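Spelled out from the first residue to the last, the chains are:
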Amino acid sequence: MPSHMELLEIASTVAQRAGAFAADRRSHGVSVAETKSSPIDIVTQVDRDTETFIRTALADYRPDDGFFGEEGDADAGSSGLTWVVDPIDGTVNFLYDIPAWSVSIAVVEGGVDPASWTVLAGAVINPAAGELYTAAAGEGAWMGDRPLHVNDGVELDRALVATGFGYLRERKERQGRLVAEVLPRVRDVRRIGSAALDLSAVGQGRLDAFYETGLNPWDHAAGALVAAEAGARVGGLAGAPAGADMLIAAPPSLFDDLERTIAEFWEA
Ligand code: IPD
Ligand code: CA
């Protein structure tokens, strides 16, 4: 098996090439191709084409690995490694030309269920900002060549906490009630619009913490490794692993207080 740093080199190279591809397509204009789980859950042709671009590039480097992306069919592969890809995370920002969308590429061992996988390496690029976040398990996290560290020692009432919302009305109503309880207990709340960038920003210390319910594996595979390798604790509620039910990323000193607040008010 290649080393984590060798896998990171592949993730990082392909993410940069895919980011440039998507940004170039964005510069020529973009429109909604189709809707998915609800009328506001959109996909553009650029999402699809960027996923194909990534899939083809990864297959050149690693033909026996599996592939699990947001837009296409999964492929189990035969090597035991799977690439988990969100070709454009922050698709609504991408559509509106808000410069906070990303390409997220992770490689995992152990299957595509976040509860059972180990993320080995990941890269998240924000092409509009020219910012590349990378992490390799046991090796650290970086933005460009700068090592990343979370903001440790921040109390809940001083914490800048990001979150996000899904595309289904009933879930959004519950998420809205939860954030209404979180907001008065923290410094402020951000809804940036790309979970992969939110998680990377926790690693960077641009945000103190992040939580969201209902994320898909490709939304958090790479970003959660960036956060964790920068010192964040990443998990779910009541000791559960992070997953679709809940993902919280926060410095160890903040995690329990934030988790308790979310657990008190989340209507699962
Ligand atoms: C979405 C973004 C958003 C989060 C949503 C995700 P998409 O991914 O990560 O920040 O709040 O839950 O679905 O649809 O832009 O790939
Ligand atoms: Ca996404």
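Analysis parameters
- Within each chain, residues carry numbers counting from 1 in the order of the written sequence.
- Chains carry letters from A onward and ligands carry numbers from 1 onward, assigned in written order.
- Local features in this predicted model are restricted to residues whose pLDDT is 70 or higher, and side-chain atom pairs enter the listing and the counts only when it is 80 or higher, whereas totals over whole chains, interfaces and linings include all residues.
- The basis for the side-chain values is all heavy atoms of the structure; hydrogens and waters are excluded.
- Throughout this description, the term salt bridge denotes a Lys or Arg side-chain nitrogen within 4 Å of a carboxyl oxygen of Asp or Glu.
- Strands are runs of DSSP state E lasting at least two residues, helices are runs of H or I lasting at least four, and both sets are numbered from the N terminus onward.
- Where each domain starts and ends follows an automatic or database-derived domain assignment.
- Summed over both partners, the accessible area lost on bringing two parts together, with a 1.4 Å probe, is the buried area.
- Polar contact criterion, stated in full: a pair of N or O atoms within 3.5 Å, where within protein one must be able to donate a hydrogen and the other to accept it, and residues adjacent in sequence count only if both atoms are side-chain atoms.
- For this classification, Asp, Glu, Lys and Arg are treated as charged, while Ala, Val, Leu, Ile, Met, Phe, Trp, Tyr, Cys and Pro are nonpolar and the rest, including Gly, are polar.
- The buried label applies to any residue whose accessible area, calculated with a 1.4 Å probe on protein chains only, is under 20% of its type's maximum; exposed applies above 50%, and partly exposed to all values in between.
- Positive charge is attributed to Lys and Arg, negative charge to Asp and Glu, and no charge count is given to His or to the chain ends.
- By definition in these notes, contact holds between two residues if any of their heavy atoms fall within 4.5 Å.
- Any residue with a heavy atom positioned within 4 Å of a molecule or strand is treated as near that molecule or strand.
- Only the protein chains shown count as cover for residues, and all accessible areas are computed by the Shrake-Rupley method using a 1.4 Å probe.
- Here a cavity means grid points, on a 1 Å grid over the protein atoms only, where a 1.4 Å probe fits yet cannot get out; a pocket means an open set of points with protein on both sides within 12 Å along at least five of seven lines; lining residues are those with an atom within 4 Å of a point.
- Placement in a cavity or pocket follows one criterion, namely that more than half of the molecule's atoms lie within 2 Å of its grid points.
- Grid points are joined across faces, edges and corners, and a volume is the space filled by probe spheres set on the points.

1. Brief notes about the pattern of salt bridges
Scanning the model with the defined rule gives 15 salt bridges in all. Linking Glu34 and Arg48 is a salt bridge whose minimum nitrogen-to-oxygen distance equals 2.3 Å. In this pair, Glu34 sits in strand S1 (residues 32-35) while Arg48 sits in helix H2 (residues 45-61), placing the two residues 14 residues apart along the sequence. Salt bridges linked by common partners bring Lys36, Glu70 and Glu71 together as one network.

2. Comments concerning the domain arrangement of the protein
The figure often quoted for interface size is the accessible area lost as the parts come together. Splitting the protein by domain gives domain 1 (4-147) and domain 2 (156-265). One C-alpha centre belongs to domain 1, the other to domain 2; they are set 20 Å apart. For the pair domain 1 and domain 2, the summed buried surface comes to about 2400 Å²; carbon and sulfur atoms form 66% of the total. Put simply, domain 1 and domain 2 have one salt bridge between them. Scanning the region where domain 1 abuts domain 2 turns up 13 residue pairs in polar contact (both at pLDDT 80 or more). For the side of domain 1 that touches domain 2, the secondary-structure elements that each account for two or more residues are strand S3 (66-69), strand S4 (81-89), helix H3 (91-96), strand S5 (102-109), strand S6 (118-126), strand S7 (131-136) and strand S8 (140-143). For the side of domain 1 that touches domain 2, the element with the most residues is S6, which contributes seven residues. Residues that form the side of domain 1 that touches domain 2 fall into these classes: 24 nonpolar, 12 polar and seven charged.

3. Observations regarding the side chain of Asp198
Along the chain, the position of Asp198 falls in helix H5 (residues 195-204). One buried charged residue, Asp198, remains without a salt bridge, the closest side chain of opposite sign being Arg191 at 5.4 Å. Ignoring any residue separated from it by four or fewer positions in sequence, one finds Asp198 in contact with Ala162, Thr163, Ile192, Leu207 and Phe210.

4. Here's the deal with the site of ligand 1
As a structural note, the neighbourhood of ligand 1 is formed by 16 residues, with Asp89, Gly90, Thr91, Tyr167 and Glu212 the closest of them. Between ligand 1 and the protein, one listed contact pairs an oxygen atom with a side-chain N or O atom of Asp89 at 2.7 Å. Contacts to ligand 1 include Tyr167, whose side-chain N or O atom sits 2.6 Å from an oxygen atom. About the coverage of ligand 1: the protein hides 95% of its 380 Å² of free accessible area. A majority-of-atoms criterion places ligand 1 in the largest pocket. Counting residues per element, the shell around ligand 1 draws most heavily on S4, at three residues.

5. Examining empty space enclosed by the protein
Counted under the stated rule, the structure contains one cavity of 30 Å³ or more. What the largest cavity holds in volume is close to 30 Å³. Every residue along the wall of the largest cavity is listed here: Thr163, Gly164, Phe165, Gln175, Leu178, Val179, Tyr211 and Thr213. Tallying contributions element by element places helix H4 (residues 169-182) first for the lining of the largest cavity, with three residues. Of the residues contributing to the lining of the largest cavity, the split by class is four nonpolar, four polar and no charged.

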